[in-house]
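An overview of the molecular structure
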Amino acid sequence: MIGLLLGCAPEPQPSQLDAIKERGVLRVGTLLGPTSYYLDAEGEAGIEYVLAKQFAEEIGVDVEMVSRYNVKNLLNLLESGDVDVLAAGLNRTNQREQRFRFGPPYFEVSQRIVFKQGARERPRSLDELEAELVVVEGSSHHDWLQQIEDDYPELKWRATDDHDASELLRQVVEGEIAYTIADSNTLDLQRRYYPDLSVAFTVRDDVDIAWLLNKQVDASLYSEVIAFFGNLRHSGQLSQLLDQHFGHVASFNYVDTSLFIDAVQTVLPKYRDVFEKHAGALDWRLLAAISYQESLWNPRAISPTGVRGMMMLTLPTAKAMGVTSRLNPEQSIQGGARYFERMLQRIPARILEPDRIWFALAAYNIGYGHLEDARILTQQQGGDPDRWIDVRKRLPLLRQKQFYRQTRFGFARGDEPVRYVGNIRRYYDTLVWLDNRGRIPAKPMEISVPEGSGDGVN
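How each quantity is defined
Residues numbered from 1 in each chain as written. Predicted model: local features only at pLDDT ≥ 70, side-chain atom pairs only at ≥ 80, totals over all residues. Heavy atoms only, no water. UniProt positions renumbered as here; feature names shortened; annotations may be inferred. Pairing = 2+ DSSP bridges. Helix = DSSP H or I, 4+ residues; strand = E, 2+ residues; numbered from the N terminus. Contact = heavy atoms within 4.5 Å. Axes fitted to C-alpha atoms, helices over the stretch in contact; angles between N-to-C directions. 1 Å grid on protein atoms, 1.4 Å probe; cavity = no way out; pocket = protein on both sides within 12 Å on 5 of 7 lines; lining within 4 Å. Points joined across faces, edges and corners; volume = space filled by probe spheres on them. Nonpolar A, V, L, I, M, F, W, Y, C, P; charged D, E, K, R; others polar. Salt bridge = Lys/Arg side-chain N within 4 Å of Asp/Glu carboxyl O. Buried < 20%, exposed > 50% of the residue type's maximum accessible area, 1.4 Å probe, protein only. Phe/Tyr/Trp six-rings, centres within 6.5 Å; stacked < 30°, edge-to-face > 60°.

- An unreviewed UniProt entry annotates the chain as Membrane-bound lytic murein transglycosylase F of Pseudidiomarina andamanensis.
- Per its UniProt entry, the chain bears the Catalytic activity (unreviewed entry) comment "Exolytic cleavage of the (1->4)-beta-glycosidic linkage between N-acetylmuramic acid (MurNAc) and N-acetylglucosamine (GlcNAc) residues in peptidoglycan, from either the reducing or the non-reducing ends of the peptidoglycan chains, with concomitant formation of a 1,6-anhydrobond in the MurNAc residue."
- The annotation that UniProt attaches to the chain under Subcellular location (unreviewed entry) is "Cell outer membrane".

Below, the structure is given as structure tokens:
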């Protein structure tokens, strides 16, 4: 009888990791937004999707992204076991730590009070907020305000379940609300489209971003997450991924961004069809971003060194690309597109996008020989010559004699391609965002060919 009873004992439950492997799918809760997860023309995208997909591959399963707009709903999904992990750019807070298990931090943000430039005086502290502060319900900003509300009894604030962080920033720009709190990465991205967003002051620095896991289950999945991020950090992949998504957005210039957005509305319509016509395999918006960086979309632009036109071609490059008039907008755009494609083709095939594009842009700006010199220096110093994030650090060394004397092509203003690539990445991101929302006028105006062009010397 005892043996029979023992034979009826329930079998031990599989670990969380084993259950996921048996299911064949890792269910990942995430927030829809530009800093975490979104859908673009090519499908799923965003830093959290890239990380989650790679993690799922490493444990041998597929990934299913379960997206929500609401932080509170996401936390409930994790607590109920409807998702296995949250990868949503979420901050570590005391309230969340009591309910959930945090993975290792992989990113840091600052949290800032934001208002519309010119709409009111800039406040310097919470005591100086003259109107209501609005945050997302269930967010870390909400948790923080609840923690400090006894210290600021006069502070007017509320949490809303109707809008996400990006929408609250838009409401600030449109004057619907006075203030909100934004994470620095979210704000940096949104200022590319809404340059009137202004920082009043920072309320929290060095806030950790990490994945969240269920505290009520075993630690098998948690252990894999710790190992995954440890390996990513050690290999340099984490720094590379973060740079691809956020490395170019922190630098912000109000005047430059405002002028660019104005030019998108007033100048780009004249040339949009030409960029689309001659883009070939390139994204026309990337070609347009290159042209804006080169000439501000001015067909008569000229530099002190003699480069000219929409794509600022040198005379030898123009002749090699079949351009007879650099002041002809269409010829310049077509020649610049073909020249950039030639740079892309010269980049070693093992270098994948987007790094491949950043390298080609640097070569377009500084010349392929100087780029190769920087890649060799990178390798000599222990960096990865196939990663833009590593080569970008060495390009400015081409200004220093102790370094350029070792190179084949010698001195170069290596800091310039670093700024050049960063600017184009920001312009391109803005064009993609505006285009996806139908905010780039589609119908071009007639392009006139400048008089006196066509002799190959202008």
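1. Regarding the sheet that holds strand β1 (residues 25-31)
- Strand order across the open sheet formed by five strands is β4-β1-β5-β12-β6, with mixed pairing between neighbours. With partners counted over all chains shown, the strands left at the sheet margins are β4 (62-68) and β6 (100-102), one partner each.
- Sheet analysis places strand β5 (residues 85-86) next to strand β12 (residues 212-214), joined by two bridges and oriented antiparallel. When the bridges of β12 are listed, Leu86 appears paired with Leu212.
- Helix α3 (residues 47-58) rests against β1 and β4 of the sheet, and its axis sits at about 150° to β4.
- Contacts from helix α9 (residues 220-235) reach β1, β6 and β12, with the element oriented near 160° to β12.

2. Details of the sheet that holds strand β7 (residues 107-116)
- Taken in spatial order, the five strands make up an open sheet running β9-β8-β10-β7-β11, and their pairing is mixed. Of all the strands in the sheet, just β9 (157-160) and β11 (197-209) have a single pairing partner and so form its edges. Taken pair by pair, the neighbouring strands of this sheet meet at an average axis angle of 25°, ignoring direction.
- Here β7 pairs with strand β10 (residues 179-183) via four bridges, running antiparallel. If you follow Gln111 over to β10, its bridge partner there is Asp183.

3. Some thoughts on the layout of surface pockets
- Space inside the second largest pocket adds up to approximately 770 Å³.
- Lining the second largest pocket we find 24 residues, and of these Thr305, Val307, Asn365, Arg413 and Glu416 sit closest to its centre.
- Breaking the lining of the second largest pocket down by element, the ones donating at least two residues are α13 (284-295), α16 (355-366) and α20 (415-436).
- Top contributing element to the lining of the second largest pocket by residue count: α20, with five residues.
- Looking at the lining of the second largest pocket, its residues break down into 11 nonpolar, nine polar and four charged.

4. Things to note about the environment of Ala165
- Among the secondary structure elements, Ala165 is positioned in helix α7 (residues 165-173).
- For the pair formed by Ala165 and Val136, sequence separation is 29 residues and the distance between their alpha carbons is 6.4 Å.

5. A few points about unusual backbone geometry
- A cis amide bond, omega 5°, links Glu353 with the succeeding residue Pro354.
- Note on placement: Pro354 falls in the loop between α15 (329-346) and α16.
- One non-glycine residue, Trp297, adopts positive backbone phi at about 60°.
- One non-glycine residue, Met312, lies in positive phi territory at about 50°.
- Residue position: Met312 is located in the loop between α13 and α14 (315-320).

6. With respect to the pattern of salt bridges
- One pass over the structure, following the stated rule, counts 26 salt bridges.
- Taking the shortest distance from any N to any O, the salt bridge between Arg23 and Asp84 comes out at 2.9 Å. With Arg23 in helix α2 (residues 16-23) and Asp84 in the loop between α4 (71-80) and β5, this residue pair connects regions lying 61 residues apart in the sequence.
- As a salt-bridge pair, Arg387 and Asp384 come within 3.5 Å of each other at their nearest N and O atoms.
- Looking at Arg387, the relative accessible area reads 14%, which means it is buried.
- Several salt bridges converge on common partners, so that one network encompasses Arg272, Glu276, Asp283, Arg285 and Asp435.

7. Some thoughts on the packing of aromatic side chains
- Under the counting rule described, the total for this entry stands at 19 aromatic pairs.
- Seen from their ring centres, Phe359 and Trp388 are 5.8 Å apart, and the 90° between their planes marks the pair as edge-to-face. Residue Phe359 is located in helix α16, and its partner Trp388 is located in helix α18 (residues 388-394); the two are separated by 29 residues in the primary sequence.
- The class of Phe359 is buried, set by a relative accessible area of 0%.

8. What about helix α12 (residues 268-278)?
- Of all the positions in α12, only Leu268, Pro269, Tyr271, Arg272, Val274, Phe275 and His278 are classed as buried.
- Those residues of α12 that are buried lie in contact with α11 (254-266), α13, α15 and α20.
- In the stretch just after α12, Gly280 is the one whose phi turns positive, near 60°.

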